[in-house]
Amino acid sequence: MKLIKLLLYYFLALLSIFFVGRVVLFSLYFERFADSDVNYWLTFLYGLKMDVIVVCGSLLLPVILLTLAPKQVKNTVNRFLTAYFIVVYARHGHKLMGCKSPVGGSPLCKLYPT
């Protein structure tokens, strides 16, 4: 049961990070959405579906490690997974925003330079 709670925590934490990122990008580019004739609230539903796919793919390694690791190394595995998520999402987050250089791409690139 503890394993399920931990995985659910990781799942919800990653979904919330993606949701906050989508809200920030939506607010930055709202004028582009307002000019279109599209129901832009559906982008959050479609985005949620894609986020679930990405989060489930990201949780494959934790599921394997947490289910196969003996009890003696559970704390070490948990620390490794925390560091894994910090490194993977911090290192590749700027690429997801379209940053090729510190001054190019999205306005968020200036907040998080490479």
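Structure: above.
The sections below set out a description of the structure shown in this document. The model shown is predicted, which means the values in this text are computed figures rather than measured ones.

## Section: the packing of aromatic side chains
By convention here, two paired aromatic rings are described through the distance between centres and the angle between planes. Applying the stated criterion across every chain yields a total of four aromatic pairs. Taking the centre distance of 5.5 Å and the plane angle of 75° together, the rings of Phe 26 and Phe 30 count as edge-to-face. Phe 26 gets classed as buried once you look at its relative accessible area, which sits at 11%. Given a relative accessible area of 35%, Phe 30 falls into the partly exposed group. Clustering of aromatic rings is evident, with ring pairs tying together Phe 19, Phe 26, Phe 30 and Phe 44.

## Quick look at the environment of Leu 65
Inspection of the secondary structure puts Leu 65 in helix α4 (residues 60–68). The sequence separation of Leu 65 and Val 77 amounts to twelve residues, and the corresponding C-alpha distance is 7.1 Å. Leu 65 has contacts with Val 77, Phe 80 and Leu 81, leaving out every residue within four places of it along the chain.

## Quick word on the packing of helix α1 (residues 2–28) against helix α3 (residues 42–58)
Where α1 contacts α3, the axes come no closer than 10 Å and their chain directions differ by 140°. Relative to α3, α1 is oriented oblique. The interaxial crossing formed by α1 with α3 has right-handed handedness. For the pair α1 and α3, the contacting residues are Phe 11, Leu 14, Leu 15, Phe 18, Phe 19, Arg 22, Val 23 and Phe 26 in the first and Thr 43, Phe 44, Gly 47, Leu 48, Asp 51, Val 52, Val 54, Val 55, Cys 56 and Ser 58 in the second.

## Observations concerning the pattern of salt bridges
Enumeration according to the criterion identifies one salt bridge in this entry. With a closest N to O distance of 2.7 Å, Asp 51 and Arg 22 form a salt bridge. Of the two residues, Asp 51 sits in helix α3 while Arg 22 sits in helix α1, which places them 29 residues apart along the sequence. A relative accessible area of 8% places Asp 51 in the buried class. A relative accessible area of 21% places Arg 22 in the partly exposed class.

## Remarks on the packing of α1 against α4
Running from N to C, α1 and α4 cross one another at 160°; their axes reach a closest spacing of 11 Å. Comparing the axis directions of α1 and α4 gives the class roughly antiparallel. Remark: the crossing between α1 and α4 carries right-handed chirality. Side by side, α1 and α4 meet where Leu 3, Leu 6 and Leu 7 of the first sit next to Pro 62, Val 63, Leu 66 and Thr 67 of the second. For the contact of α1 with α4, the per-class residue count stands at six nonpolar, one polar and no charged.

## Thoughts on the nonpolar core
With twelve residues, the main nonpolar core is built from Leu 7, Tyr 10, Leu 14, Leu 15, Phe 18, Val 55, Leu 59, Leu 66, Ala 69, Val 77, Leu 81 and Phe 85. At the level of secondary structure, the elements contributing two or more residues to this core comprise α1 and α5 (74–96). When near neighbours in sequence (up to four residues on either side) are disregarded, Leu 7 contacts Leu 59, Pro 62, Val 63 and Leu 66.

Criteria and cut-off values
Residues numbered from 1 in each chain as written. Predicted model: local features only at pLDDT ≥ 70, side-chain atom pairs only at ≥ 80, totals over all residues. Heavy atoms only, no water. Phe/Tyr/Trp six-rings, centres within 6.5 Å; stacked < 30°, edge-to-face > 60°. Buried < 20%, exposed > 50% of the residue type's maximum accessible area, 1.4 Å probe, protein only. Helix = DSSP H or I, 4+ residues; strand = E, 2+ residues; numbered from the N terminus. Contact = heavy atoms within 4.5 Å. Axes fitted to C-alpha atoms, helices over the stretch in contact; angles between N-to-C directions. Parallel < 35°, antiparallel > 145°, perpendicular 65-115°, else oblique. Left-handed = near helix turned anticlockwise from the far one by under 90°. Salt bridge = Lys/Arg side-chain N within 4 Å of Asp/Glu carboxyl O. Nonpolar A, V, L, I, M, F, W, Y, C, P; charged D, E, K, R; others polar. Core = buried A, V, L, I, M, F, W, Y, C linked by side-chain atoms within 4.5 Å.

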